[in-house]
Amino acid sequence: MNPDKLVLHHCLGSRSTRVLWLLNEIEADFEVVEHDFPRGLRDPEFRAVSPLGRVPVLVDGDQVLCESGAIIQYLCETRQRWDLMPQMGEALKPAWLQWLHFAETLATLPAALFQNEVSIPEAERSQAMLELDRRRLGKALNYLDEQLKGRSYLLGESFSAADIAVGYSVFFSTRFASLEDYPDLAEWYLRLSQRPAFRQSFPAEVPD
Ligand SMILES: N[C@@H](CCC(=O)N[C@@H](CS)C(=O)NCC(=O)O)C(=O)O
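None of these values were measured; they are calculated from a predicted model. (Residues numbered from 1 in each chain as written. Predicted model: local features only at pLDDT ≥ 70, side-chain atom pairs only at ≥ 80, totals over all residues. Heavy atoms only, no water.)

J.: In this structure, what is going on with helix α1 (residues 16-25)? I would like to understand it.
T.: The element α1 is extensively covered by neighbouring structure, given that ten of its ten residues are classed as buried. Restricting attention to buried positions, one finds in α1 the residues Ser16, Thr17, Arg18, Val19, Leu20, Trp21, Leu22, Leu23, Asn24 and Glu25. (Buried < 20%, exposed > 50% of the residue type's maximum accessible area, 1.4 Å probe, protein only. Helix = DSSP H or I, 4+ residues; strand = E, 2+ residues; numbered from the N terminus.)

J.: Looking at this model, I keep getting lost on the site of the ligand. Mind explaining?
T.: If you check the shell around the ligand, you find Ser14, Arg15, Arg18, Phe37, Leu41, Gly53, Arg54, Val55, Pro56, Glu67, Ser68 and Glu104 and nothing else. One nitrogen or oxygen atom from the side chain of Arg15 is found 3.5 Å from an oxygen atom belonging to the ligand. Between Ser68 and the ligand, the recorded distance is 2.7 Å, taken from a side-chain N or O atom to an oxygen atom. In the complex, 82% of the free accessible area of the ligand, which totals 510 Å², lies under the protein chains. (Near = heavy atom within 4 Å. Polar contact = N/O pair within 3.5 Å; in protein donor to acceptor, adjacent residues only side chain to side chain. Areas by Shrake-Rupley, 256 points an atom, 1.4 Å probe, with all protein chains shown as cover.)

J.: Looking at this model, I keep getting lost on the sheet that holds strand β4 (residues 63-65). Mind explaining?
T.: In sheet architecture, strand pairing relies on hydrogen bonds along the backbone and comes in two forms, parallel and antiparallel. With mixed pairing, four strands are arranged side by side in an open sheet as β2-β1-β3-β4. The outermost strands of the open sheet, each flanked by one partner alone, are β2 (30-34) and β4. Neighbour-to-neighbour, the strand axes of the sheet open up by a mean angle of 15°, direction not taken into account. By the bridge criterion, five bridges tie strand β1 (residues 6-10) to β2 in an arrangement that is parallel. Bridge pairing in β2 links His10 to Glu34. (Pairing = 2+ DSSP bridges. Axes fitted to C-alpha atoms, helices over the stretch in contact; angles between N-to-C directions.)

J.: In this structure, what is going on with the pairing of strand β3 (residues 57-60)? I would like to understand it.
T.: Regular strands place their side chains on alternate faces of the sheet. What you see with β3 is no split at all: Val57 and Val59 on one side and Leu58 and Asp60 on the other are buried throughout. In terms of strand pairing, β1 meets β3 through three bridges, oriented antiparallel. Residue Val7 lies in a different strand from β3, and its bridge partner there is Val59. Both β3 and β4 contribute to a ladder of three bridges, which runs antiparallel. The residue of β4 that forms the bridge with Asp60 is Gln63. Taken together, β3 and the strand that follows it, β4, pair antiparallel across an intervening segment of two residues, in which Gly61 is found at a positive phi of about 65°.

J.: Sorry, what's going on with the domain arrangement of the chain here?
T.: Accessible area lost upon the coming together of the parts serves often as the stated size of an interface. By the assigned domains, the chain splits into domain 1 (6-78) and domain 2 (93-200). Taken together, the contact between domain 1 and domain 2 spans 15 residues of the former and 24 residues of the latter. The largest contributions to the domain 1 side of the interface with domain 2 come from Arg15, Arg18 and Trp21, which together make up 44% of the buried area. Summed over the shared surface of domain 1 and domain 2, the result is three salt bridges. Arg18 is the salt-bridge partner of Glu104, the closest N and O atoms lying 2.9 Å from each other. The interface formed by domain 1 and domain 2 includes eight residue pairs in polar contact (both at pLDDT 80 or more). Looking at the side of domain 1 that touches domain 2, the elements that each hand over two or more residues are α1 and α3 (68-78). Looking at which element gives the most residues to the side of domain 1 that touches domain 2, the answer is α1, with six residues. Tallied by class, residues from the side of domain 1 that touches domain 2 come to five nonpolar, six polar and four charged. (Domains from an automatic or database assignment. Contact = heavy atoms within 4.5 Å. Buried area = accessible area lost by both parts, 1.4 Å probe. Salt bridge = Lys/Arg side-chain N within 4 Å of Asp/Glu carboxyl O. Nonpolar A, V, L, I, M, F, W, Y, C, P; charged D, E, K, R; others polar.)

J.: Explanation requested: the UniProt feature "domain: GST N-terminal" (unreviewed entry) in the chain in the structure shown.
T.: Under the local residue numbering, the UniProt record ascribes the feature "domain: GST N-terminal" (unreviewed entry) to residues 3-83. Secondary structure across residues 3-83 comprises 33% helix and 21% strand; the distance between its end C-alpha atoms is 27 Å. (UniProt positions renumbered as here; feature names shortened; annotations may be inferred.)

J.: What am I meant to see in the packing of helix α4 (residues 93-119) against helix α6 (residues 161-173) here?
T.: Relative orientation and spacing of two packed helices are given, respectively, by the angle between their axes and the distance between those axes. Remark: α4 packs on α6, axes separated minimally by 8 Å, with the N-to-C direction vectors making an angle of 15°. When the axes of α4 and α6 are compared, the pair comes out roughly parallel. Helix-helix and strand crossings are classified by hand; for α4 and α6 the assignment is left-handed. Along the contact surface, α4 presents Trp96, Trp99, Leu100, Phe102, Ala103, Leu106, Ala107, Pro110, Ala111 and Phe114, while α6 presents Ala161, Ala162, Ala165, Val166, Ser169, Val170, Phe172 and Ser173. Across the contact of α4 with α6, the residue classes tally to 16 nonpolar, two polar and no charged. (Parallel < 35°, antiparallel > 145°, perpendicular 65-115°, else oblique. Left-handed = near helix turned anticlockwise from the far one by under 90°.)

J.: What is the right way to look at the pattern of salt bridges in this model?
T.: If charged atoms from side chains of opposite charge come close, those side chains can pair. Applying the stated criterion across every chain yields a total of ten salt bridges. Between Arg15 and Glu104 there is a salt bridge whose closest N-O contact spans 2.9 Å. One end of the pair, Arg15, is in the loop between β1 and α1; the other, Glu104, is in helix α4, with 89 residues separating them in the sequence. The residue Arg81 makes a salt bridge to Asp83 at a minimum N-O spacing of 2.8 Å. Look at Arg81 and you get partly exposed, because its relative accessible area is 25%. Several salt bridges converge on common partners, so that one network encompasses Arg15, Arg18 and Glu104.

This is the structure we're talking about:
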């Protein structure tokens, strides 16, 4: 492995897709180490890099980062991609930060539903919890739909890395919710999915 190259530990369709998408957008020089989900994440060699056994992990020389939001901000700052992240003091910076972190507020909802599906035998699942998470997911998607009314991207007319962070969460959400009920959100997501870097980063079955 070339020590000068960025290394991304990735699982297909997981939150590491955010980082892969950003790396593809900025045409960075990077290598991907792909792991099978979830078994590959238990590998002792990977655990040495990521003690919690989660992806993404980005290795940049001596720096090892393992939160997708932090990695997005780190890459924008170190690569000075102010087109993708407003600088401190710019009017849109607070909104950018808010969306970057909202991405995880949203992603935890499909993540909870997914965990239920894969880790808990059907008879032991709490229908009340599932219903609560489904309702919370609908509420978060509705909020996003309202915020996107009259704008092309989260910050207005310019695409930014906040669209990447939240765009991935919407991709994950479509496993449990239809975007048909959220027209402005659906249009924005379609716009994102037409970007070449999106297509390079997601599994093949994303919408046309
Ligand atoms: N907040 C973290 C969440 C990372 C995370 O939970 N990743 C999932 C994949 S989407 C994972 O690696 N899960 C493995 C596990 O829970 O064992 C981030 O945004 O990077």
